[in-house]
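In case you want the letters, here they are:
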Amino acid sequence: MRGMLRFSSRKIILYIAAAIMVGLVTCYAVISASNSTEIQSDKGILDLSQVQVSERPIKLQGEWEFYWHELLSPNDIHDRIASDGNPNRWINLPNSWLGYRLDGQQLSGTGFATFRVMIQLSEQDRHERLALKMPSIFHAYKLWVNGEPLAEVGVVGQDKSSMTPRLATKFVYFHPENNTVELVIQVSNFHHKRGGITKFIELGGSDVLTVRTHLKIAGEIFITASLMVIGLYHLLLFILRRKDRAPLFFGLFALLLGIRSLLVGELLLTQLWPNFPWEIQFKIEYLTLCSSGYIITRYYISIFANYVSRWFRLGSRIVTGLLCLIVVATPAIIYTHLLSVIGVVVVLHMLYLMVGLVQSAVQRKEGALIFLLASMVTLVTVINDFLYFNEWSSIGNTSPLGLLIFTVAQMFLLSSRFTKTATNEERIARELQEANDKLTEMNMNLEQTVQERTHALSVAHDNLRISYDRLLLSEQGRKKLLSYITHDLRLPLSSMLGYVEAVQDGVKPERNEQYLRYIRDNTIRVNRMIEELSYLSHLETGQVMFQMEPIPVAQFLRQFYDQYKLVVRDTGLDFVLDLGDSEDPESESLVAEIDMQRLDQALFNIVSNAMKFTASGGAVRIGLTVNEVKDRRYANICVEDTGTGIPPEHLEHIFERHYRYEQPGAEKRVEGSGLGLAICREIVQAHVGTVRAESDGKTGAAFYISIPCIRREEG
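Residues numbered from 1 in each chain as written. Predicted model: local features only at pLDDT ≥ 70, side-chain atom pairs only at ≥ 80, totals over all residues. Heavy atoms only, no water.

K.L.:
I would appreciate a short explanation of the overall build of the protein chain in the present structure.
P.N.:
Within the protein chain one finds 16 helices and 23 strands. In the protein chain, which comprises 715 residues, the proportion classed as buried is 44%. By sequence separation, contacts in the protein chain at least 24 residues apart represent 75% of the contacts at least 6 residues apart. For the protein chain, the exposed area adds up to about 38,300 Å²; of that, 57% sits on carbon and sulfur atoms. (Helix = DSSP H or I, 4+ residues; strand = E, 2+ residues; numbered from the N terminus. Buried < 20%, exposed > 50% of the residue type's maximum accessible area, 1.4 Å probe, protein only. Contact = heavy atoms within 4.5 Å. Areas by Shrake-Rupley, 256 points an atom, 1.4 Å probe, with all protein chains shown as cover.)

K.L.:
I tried to follow the sheet that holds strand E22 (residues 701-708) on my own but got confused; where do I start?
P.N.:
Strand pairing within a sheet occurs via backbone hydrogen bonds; the two strands may be parallel or antiparallel. Pairing is mixed across the open sheet formed by five strands, whose spatial order is E17-E19-E20-E22-E21. Lying at the two open borders of the sheet, with one neighbouring strand each, are strand E17 (574-578) and strand E21 (690-695). In this sheet, neighbouring strand axes are inclined to one another by 20 degrees on average, regardless of whether the strands run parallel or antiparallel. Bridge count between strand E19 (residues 619-629) and strand E20 (residues 632-641): ten bridges; the pairing is antiparallel. (Pairing = 2+ DSSP bridges. Axes fitted to C-alpha atoms, helices over the stretch in contact; angles between N-to-C directions.)

K.L.:
Is there a simple way to think about unusual backbone geometry in this case?
P.N.:
With the exception of glycine, most residues fall at negative phi, and the peptide bonds are largely trans. The linkage connecting Leu 93 with the following residue, Pro 94, adopts the cis geometry, with an omega of 0 degrees. Among the structural elements, Pro 94 can be located in the loop between strand E4 (90-93) and strand E5 (95-96). Cis geometry marks the peptide bond from Phe 138 to His 139, where omega comes out at 5 degrees. Structurally, His 139 can be placed in the loop between strand E9 (130-134) and strand E10 (140-145).

K.L.:
Sorry if this is basic, but what is going on with helix H6 (residues 278-303) here?
P.N.:
Residues lying three or four places apart along an α-helix face the same way, a consequence of the helix completing one turn every 3.6 residues. Taking 1.5 Å as the rise per residue, H6 with 26 residues should run 38 Å; its terminal C-alpha atoms sit 37 Å apart, in good agreement. Burial of H6 is extensive: 20 of the 26 residues sit out of reach of the surface. (Expected span 1.5 Å × (residues − 1).)

K.L.:
Honestly, the packing of aromatic side chains in this entry has me stumped. Any pointers?
P.N.:
Each aromatic ring pair is summarised here by two numbers: the centre-to-centre distance and the angle between the ring planes. Scanning all chains against the criterion turns up 14 aromatic pairs. Geometrically, the ring pair formed by Trp 278 and Phe 282 is edge-to-face, given 6.0 Å between the ring centres and 75 degrees between the ring planes. Taken as a pair, Trp 278 and Phe 282 lie in helix H6 at a separation of four residues, close to a single helical turn. Pair check on accessibility: Trp 278 and Phe 282 agree, each one buried. By way of ring pairs, the aromatic residues Phe 66, Trp 68, Trp 97, Tyr 100 and Phe 115 are connected into one cluster. Lys 43 extends its terminal NZ or CZ atom over the ring of Trp 90, reaching a point 5.7 Å from the ring centre. The ring of Trp 311 is capped by Arg 310, whose NZ or CZ atom sits 4.6 Å from the centre of that ring. (Phe/Tyr/Trp six-rings, centres within 6.5 Å; stacked < 30°, edge-to-face > 60°. Lys NZ or Arg CZ within 6 Å of the ring centre and 35° of its normal.)

K.L.:
Please clarify how the pairing of strand E8 (residues 111-120) should be interpreted in this entry.
P.N.:
Of all ten residues in E8, nine are buried, a share of seventy percent or more. Sheet analysis places strand E2 (residues 45-47) next to E8, joined by three bridges and oriented parallel. Bridging across to E8, Asp 47 finds its partner in Gln 120. As defined by bridge partners, strand E3 (residues 58-68) adjoins E8 across four bridges and the pair is classed as antiparallel. For Phe 66, the partnering residue across the bridge sits in E8 and is Phe 115.

K.L.:
Is there a simple way to explain a nonpolar patch on the surface in this structure?
P.N.:
A contiguous nonpolar surface patch, about 350 Å² in accessible area, is contributed by Trp 311, Leu 314 and Ile 318. Mapped onto the elements, Leu 314 comes out in helix H7 (residues 310-329). Residue Leu 314 is classed as partly exposed on the basis of its relative accessible area of 36%. (Patch = residues over 30% accessible without salt bridge, like charges linked within 9 Å, V, L, I, M, F, W, Y side chains within 5 Å. Salt bridge = Lys/Arg side-chain N within 4 Å of Asp/Glu carboxyl O.)

K.L.:
I'm lost on the pattern of salt bridges in this one. Help?
P.N.:
Oppositely charged side chains can form a pair if their charged atoms are brought close together. This model, assessed by the stated rule, comprises ten salt bridges. When salt bridges that share partners are traced, they join Glu 65, Arg 116 and Glu 182 into one network.

K.L.:
Is there a simple way to think about the nonpolar core in this case?
P.N.:
Proteins that are soluble and globular tend to have nonpolar side chains buried together. By size, the foremost hydrophobic cluster in this structure holds 45 residues, and its most contacted members are Leu 557, Leu 624 and Phe 703. Counting only elements with at least two residues in this core, the list comes to helix H14 (553-569), strand E18 (590-594), helix H15 (596-612), E19, E20, helix H16 (676-686), E21 and E22. When residues no more than four places from it in sequence are discounted, the contact partners of Leu 557 are Leu 577, Leu 579, Leu 603, Ile 622, Leu 624 and Ile 637. (Core = buried A, V, L, I, M, F, W, Y, C linked by side-chain atoms within 4.5 Å.)

K.L.:
Would you mind showing me how to read the side chain of Asn 636 here?
P.N.:
Examined against the element boundaries, Asn 636 turns out to sit in strand E20. Asn 636 gets classed as buried once you look at its relative accessible area, which sits at 16%. Engagement of the side chain of Asn 636 in a polar contact is seen with the side chain of Ser 706, the distance being 3.0 Å. Each residue touching Asn 636, except ones within four places of it in the same chain, is listed here: Gly 623, Leu 624, Thr 625, Asn 627, Ile 705 and Ser 706. (Polar contact = N/O pair within 3.5 Å; in protein donor to acceptor, adjacent residues only side chain to side chain.)

K.L.:
Which parts of the structure should I look at to understand the pairing of strand E13 (residues 180-189)?
P.N.:
The two faces of a sheet get side chains in turn, since along a regular strand they alternate between them. Counting buried positions along E13 yields nine of ten residues, so the element is predominantly enclosed. As defined by bridge partners, E10 adjoins E13 across six bridges and the pair is classed as antiparallel. Looking at E13, one finds that Ala 140 is bridged to Ser 188.

K.L.:
Would you mind going over the packing of H15 against H16 with me for this structure?
P.N.:
What describes two packed helices is the angle between their axes and the distance between those same axes. Relative to each other, H15 and H16 sit at 145 degrees, their axes nearing to 9 Å. The two elements H15 and H16 meet at a crossing, and its hand is left-handed. For the pair formed by H15 and H16, the contact residues are Arg 598, Leu 599, Gln 601, Ala 602, Asn 605, Ile 606 and Asn 609 on the first element and Gly 676, Leu 677, Ile 679, Cys 680 and Ile 683 on the second. For the contact of H15 with H16, the per-class residue count stands at seven nonpolar, four polar and one charged. (Left-handed = near helix turned anticlockwise from the far one by under 90°. Nonpolar A, V, L, I, M, F, W, Y, C, P; charged D, E, K, R; others polar.)

K.L.:
What should I look at first to understand the side chain of Glu 65 in this one?
P.N.:
Take Glu 65: it is sitting in strand E3. By relative accessible area, Glu 65 is classed as buried at 5%. At 2.8 Å, the side chain of Glu 65 and the side chain of Tyr 67 are in polar contact. For Glu 65, the side chain forms a polar contact with the side chain of Arg 116, separated by 2.6 Å. Discounting chain neighbours no more than four positions away, the residues touching Glu 65 are Gly 44, Ile 77, Pro 87, Arg 89, Trp 90, Thr 114, Phe 115 and Arg 116.

K.L.:
Sorry if this is basic, but what is going on with the environment of Thr 169 here?
P.N.:
In this structure, Thr 169 sits in the loop between strand E11 (148-153) and strand E12 (170-174). As for Thr 169 and Gly 265, which are separated by 96 residues in sequence, their C-alpha atoms are 9.0 Å apart. Non-local contacts of Thr 169, meaning those with residues more than four positions away in its chain, are made with Met 134, Pro 135, Ser 136, Gly 265, Glu 266, Leu 267 and Gln 271.

K.L.:
Hey, could you run me through the packing of helix H4 (residues 246-261) against H6 in this one?
P.N.:
Put simply, H4 and H6 touch, their axes get as near as 9 Å, and they point 160 degrees apart. With respect to their mutual orientation, H4 and H6 come out roughly antiparallel. With respect to the hand of their crossing, H4 and H6 are arranged in left-handed fashion. Here Ala 246, Phe 249, Phe 250, Leu 252, Phe 253, Leu 256, Ile 259 and Arg 260 of H4 come into contact with H6, specifically with Ile 284, Glu 285, Thr 288, Leu 289, Ser 291, Ser 292, Ile 295, Ile 296, Arg 298, Tyr 299, Ser 302 and Ile 303. Of the residues that constitute the contact of H4 with H6, the class distribution is 13 nonpolar, four polar and three charged. (Parallel < 35°, antiparallel > 145°, perpendicular 65-115°, else oblique.)

K.L.:
How should I be thinking about the confidence of the model for the protein chain in this particular structure?
P.N.:
If pLDDT is low for a region, its predicted coordinates should not be looked at in detail. Looking at the protein chain as a whole, the pLDDT averages 77, with 72% of positions reaching at least 70. Between residues 1-10, whose pLDDT stays under 50, and residues either more than four places distant or in other chains, the model counts 15 contacts. For residues 23-37, every residue scores under 50 in pLDDT, and the model assigns this stretch eight contacts once sequence neighbours within four places are set aside. (pLDDT = per-residue confidence, 0-100.)

Here it is, written out as structure tokens:
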């Protein structure tokens, strides 16, 4: 496509000149041919005695009798001729009476009149069925043929209120009784600037004239249907792809041209809907003319965006809007005077755009040459139409054909753009497919590497997460330990500082040895407390690693008992291990996941408390029982003593850090940091177990540790 449009500037000018010459020669040939073959009437008499109109229809033109501001029937005219002689007023038809000089004055476009012509037929036509093809006449008429009323369009009247305007083309058939045919036509107009018979009346054989007219109607239908289909098609294209506005404005332009073609020529609209209001018909026709220049400008801008100035766009919008507003708001008698103005505006639009098209074609813009040549042809036909409707051209309505040529050319231009776009999309899709195939091949080779790297990254991520969790727990432990030390060591350190100051100041020299002993005992106590605080903070933050392994619970308790029985009995207490049913072979399967060192520490903390609060001669008992909860077996370790007991209201607090219960009336304060049971609870919870205490506050206390069990597999 691009290669077809790459012409030099000299060739472009040559093509433009050729298009203009073809248009002018065609118009001249048509005008010359039409003028050379037509026979004109003279003083109301048309001699066709040497012409066989039944075979070759003719257009009636020349001088007709003219009766201004009179609506006369054939009988009225006959009576007047009989009394006054021949009439002395004639008017050339087709022509409007607008500007016709009568009695020294020019007539206006509104008014009413009667026209009459006498036609002399040949002998061959006397026995033929003839027809008159009546054009649209502004704005109502009544026709008599040989004294017989055969046609009426609208209602003829002597003023605006008494007439009914209507526009339509019509066929009138008749058989001449002799070789003379009299035509009398009454015409009235109060709604248009030009009144009278402004278009050709054709006379010919009914069959020939009917066939010719039907062919003309078929041609107009073809043009109208083509324009509308093209317009709707491009509007649908815009709906599907709204990024490109060229199909929108081109579709609107083609659709408006299709609508306008229904309102000119053979008036297809009134043939389909005879009662269609003429005022709306006229407004639609003028609105399509007014808006066509603006719409084609917008279409041109959407293709060649940089060749239309901002001021021309603004001026086109303002002038077009103003003209359309006048057409909508005023009656036809007013806005029909603007036909020449509208024609000038449309032609100026086309001339301005054609200057830009010449520049685009010289710069070898794609589609500019086709656009330019089609615009040249369209411009010639549009100018001819404005001349024709202003009675300055004898060629008929040619703009539908010219606009159809323009539309087909624009379809070719747009289709080439769409084809180019589709070709580019196919090329891009093919390149993308090739690239995708290469990427797929590379992906197959890299997939294993990516998996390995992903696995390595996952491992690194897990390690980093574990390290982060450890750092977080360490930081939490550090904060807790600092909080514990700050809170719990303040009192013993303050006491030690007081003893040191007493020794330094020599307050009581005789008690210095006692003060030093207090300082030594508190130092040992603070050191032990620091160790326990550190261990407890590590337990609470999960920094203590437990080495869990399946161990029979009974075996663990035997080892614990053997390890501490001498320690307990040296304090004067009886130490008893009661395994109960655990001695049975079935009980040997009672196995739990245990860290022996940690659980040993927790159990000893409980036994140590029992030793502290049980007087000499008492007893400490360790027992083991089994129970099941929801199909899960639990080993319950019980530590009982015969000491002073714990009041029930204190039981829920004894596992809290630094909570200590002082027995009322006790002789001496029991030493301890208050951390043993808190450490015990943390260790048991790490074994997914629970610990609790029971006591009535009088006869000792019982501590219960419950740990879930597993069933050891038999070998």
